[in-house]
Amino acid sequence: MTKNSCKIIVVGGGAAGMMAAIQAARRGAAVLLFEKNEKLGKKIYITGKGRCNVTNACDIEELLSHMVSNKNFMYSSFYTFTNEQTMDFFENTGCPLKIERGNRVFPISDKSSDVIRALSREMRRLGVRVLLNARISELIMEDGRAVGVFCDGKKYFADAVIVATGGVSYPSTGSTGDGYRFAKEAGHSVKEAKTSLVPFEIEEDLCRKLQGLSLRNCKLTIYNGSSEKKIYEDFGELLFTHFGISGPTVISASAYVGDQIETHPCKVSIDLKPALSEEQLDRRILRDFEKYQNKQLKNALGELLPKKMIPVIIELSGMNPEKKVNIITKEERKKLLTAIKKFTITTAGLRGFDEAIITRGGIKVKEIDPGTMESKIVKRLYFAGEVLDLDAVTGGFNLQIAWSTGYAAGVGCVSDIEEEKNYV
């Protein structure tokens, strides 16, 4: 294919949009990318707490197992542009990577800006034209085809349009749902956008008392509030905040139980000592009580619990913090044990889009070709990234969705156009 044999417009300069632009340009297309912000990759910049968890180095089947919505849709694009290919892409574009705990992949520099720079350099090398501060008002469609966009009162025409505008999470980065509107105007169905990978708000004031306390090894179990049926369970890190709870276990849980928490309160049970059975924990408490037999309860739990947690656990147990441990009964120890093994709080909802890492919902994937990301409703209209109804848990999986769908759209649109020209 000769250079500039087709022209592609990409709407959105995030992960999926930049990858789509690069792949189309690598195949000889003239690419024009529109970004509404003053710079590219604003959401990439804040991912992974500014470090950017680029992808996950697990095998493809495990990658798929971490998908929450529409896993089957991702088979084609995950296998076409794998996580290994993603890592090779960044290594070859001047962003060396490292693999950390849980197969999470980060830039060696620990700077998300290096990921953005690598993408920007490659676009410049390929001659991708980038328009910043460019607001697309609508897509231009003729005879059932996408042929361009309206931007700031001007018309821009192309052989194909790729929409990669993101969802509505972190709206300060420019993710304000524009792509959903474009899709609806084109005749697509859009599943309601909701928060995902987001902290929980908690009814009880206990969390405020524990604000800032991080638990490294705890077990989180969530029960449906109305039926007391277990709906989620995980093990790992948890953080208490002024509004409730956060941390990796909570963030991941929101992807699976967000709908239930939004509709009614759920019970969250935290096992502070999951490595110990109730019998083992009771023996441990007895040993501590023997060691500190002349001390008050509030001063005898320092080796078992974080200092900040002690008064809260005693309050939950209903015991007198001034009581000497040498006169505490077996029944009272049982109450203490229950408070430690079943620290129970009640959800009051999820935090908002300002704190949601990703968006649940989006353009329904049954209306999208999984191999090329082309709309099944409008020819030469493609979608990629978070604008689609695709989401996964934390760990680099959501960015891999962006890279893989962006790749599929960039390659697919050029291939489709060339195939049509050859056929004609």
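Use the structure listed above.
The paragraphs below set out a description of the structure included in this document.

Thresholds, definitions, all that
- Think of each chain on its own: its residues are numbered from 1, step by step along the sequence as written.
- It should be noted that, the model being predicted, local features are given only for residues of pLDDT at least 70 and side-chain atom pairs only at 80 or more, the latter also being counted only at that level, while totals for whole chains, interfaces and linings use all residues.
- To get the side-chain values, all heavy atoms of the structure are used, and hydrogens and water are removed first.
- The rule for pairing is simple: two strands pair if DSSP sees at least two bridges between them.
- Secondary structure is summarised from DSSP: a helix means a run of H or I of at least four residues, a strand means a run of E of at least two, and numbering begins at the N terminus for each.
- Any pair of Phe, Tyr and Trp rings, taking the six-membered ring for Trp, is counted once the centres come within 6.5 Å. Such a pair is stacked with planes under 30 degrees apart, edge-to-face with planes over 60 apart, and tilted for the rest.
- Whether a residue is buried, partly exposed or exposed follows from its accessible area with a 1.4 Å probe, protein chains only, as a fraction of its type maximum: under 20%, in between, or over 50%, in that order.
- Helix axes are fitted to C-alpha atoms over the stretch in contact, other axes to C-alpha atoms as well, and angles between N-to-C directions run from 0 to 180 degrees.
- What makes two residues a contact is simply this: any of their non-hydrogen atoms within 4.5 Å.
- The pocket and cavity definitions rest on a 1 Å grid over protein atoms only: a 1.4 Å probe that fits but cannot leave marks a cavity, an open set with protein on both sides within 12 Å along at least five of seven lines marks a pocket, and residues lining either have an atom within 4 Å of a point.
- Grid points are joined across faces, edges and corners, and a volume is the space filled by probe spheres set on the points.

Both strand S3 (residues 55–56) and strand S6 (residues 104–107) contribute to a ladder of two bridges, which runs antiparallel. Within the sheet, the bridge partner assigned to Thr55 lies in S6 and is Val105. Pairing geometry for strand S5 (residues 97–100) and S6, over four bridges, is antiparallel. Across the sheet, residue Glu100 finds its bridge partner in S6, namely Arg104. Taking the residues between adjacent antiparallel strands as the criterion, S5 and S6 are bridged by three residues, where Gly102 takes a positive phi near 75 degrees.

Let us now look at the packing of aromatic side chains. Counting across every chain of the model gives seven aromatic pairs. Centre to centre, the rings of Tyr232 and Tyr256 are 5.7 Å apart; their planes meet at 25 degrees, and the pair counts as stacked. Placement of the pair is Tyr232 in strand S15 (residues 230–240) and Tyr256 in helix H9 (residues 248–263), with a sequence separation of 24 residues. For Tyr256, a relative accessible area of 38% corresponds to the partly exposed category. Three or more aromatic residues joined by ring pairs make a cluster, and in this case those are Phe89, Phe90 and Trp403.

A few words now on the sheet that holds strand S1 (residues 7–11). Ordered in space as S7-S2-S1-S11-S20, the five strands form an open sheet in which the pairing is parallel. What marks the edges here is a single partner per strand, and that holds for strand S7 (129–131) and strand S20 (381–383). Averaged over all adjacent pairs, the angle separating strand axes in this sheet is 20 degrees, with direction ignored. As judged from the three bridges shared by strand S2 (residues 30–34) and S7, these two strands associate in the parallel manner. When the sheet's bridge partners are listed, Leu33 is paired in S7 with Val130. Relative to the sheet, helix H1 (residues 15–26) contacts S1, S2 and strand S11 (160–163), its axis offset from that of S2 by approximately 165 degrees.

For the second largest pocket, the calculated volume is near 280 Å³. Taken together, 14 residues make up the lining of the second largest pocket; nearest its centre are Thr221, Tyr223, Ser269, Lys341 and Lys342. Of all elements in the fold, only strand S14 (214–223), S15 and strand S17 (267–271) reach the threshold of two or more residues within the lining of the second largest pocket.

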